[in-house]
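Here are the chains, one letter per residue:
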Amino acid sequence: MKSKFSFDEFKLNSDGMIPVITQDYKTNEVLMLAYMTKESFEKTLETGKMTYFSRSRQELWTKGDTSGHYQYVKSLDIDCDKDTILAKVEQVGAACHTGNRTCFFTRLAQEE
């Protein structure tokens, strides 16, 4: 897979990373938010599997290597400011480490 833009053209956060919103490519359900470095972005393009940078472990993290719950890239889009990536993926199993399909399962507030 080839990107139309170089990672060097992205606007990164103060840690040198870009946030990635990950969605199911069929349903558009938001699965998770994670971060990428240049190295994880390039590995994602090379392998077709979502690879992030774990801020807690300070290492590359290919989603699914431990759990088997891989995310296969269907498309990567960049927002108008080039500071956030939207990844549409085929999610195998759960996206969340808790076993939930999505990391967004806790309701904070709701309009009645």
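Bear in mind that the values here come from a model prediction, so they are computed numbers and not experimental data. (Residues numbered from 1 in each chain as written. Predicted model: local features only at pLDDT ≥ 70, side-chain atom pairs only at ≥ 80, totals over all residues. Heavy atoms only, no water.)

Caption draft 1: Expanded view of the sheet that holds strand 5 (residues 71-78). An order of 2-1-6-5 is seen for the four strands of this open sheet, with the pairing classed as mixed. Sheet topology places strand 2 (30-36) and strand 5 at the edges, where each strand pairs with a single neighbour. Looking at each pair of strands side by side, their axes are set apart by 25° on average, direction ignored. Across six bridges, the pairing between strand 1 (residues 18-24) and strand 2 is antiparallel. From the neighbouring strand, Pro 19 faces strand 2, where its bridge partner is Tyr 35. (Pairing = 2+ DSSP bridges. Helix = DSSP H or I, 4+ residues; strand = E, 2+ residues; numbered from the N terminus. Axes fitted to C-alpha atoms, helices over the stretch in contact; angles between N-to-C directions.)

Caption draft 2: The pattern of salt bridges, seen in detail. Counted under the stated rule, the structure contains five salt bridges. Between Asp 8 and Lys 38 there is a salt bridge, with its nearest N and O atoms 3.4 Å apart. Of this pair, Asp 8 sits in the segment before strand 1 while Lys 38 sits in helix 1 (residues 38-47), placing them 30 residues apart in sequence. Looking at Lys 38, the relative accessible area reads 35%, which means it is partly exposed. Each of Asp 24, Glu 29 and Arg 101 takes part in a single network of salt bridges with overlapping partners. (Salt bridge = Lys/Arg side-chain N within 4 Å of Asp/Glu carboxyl O. Buried < 20%, exposed > 50% of the residue type's maximum accessible area, 1.4 Å probe, protein only.)

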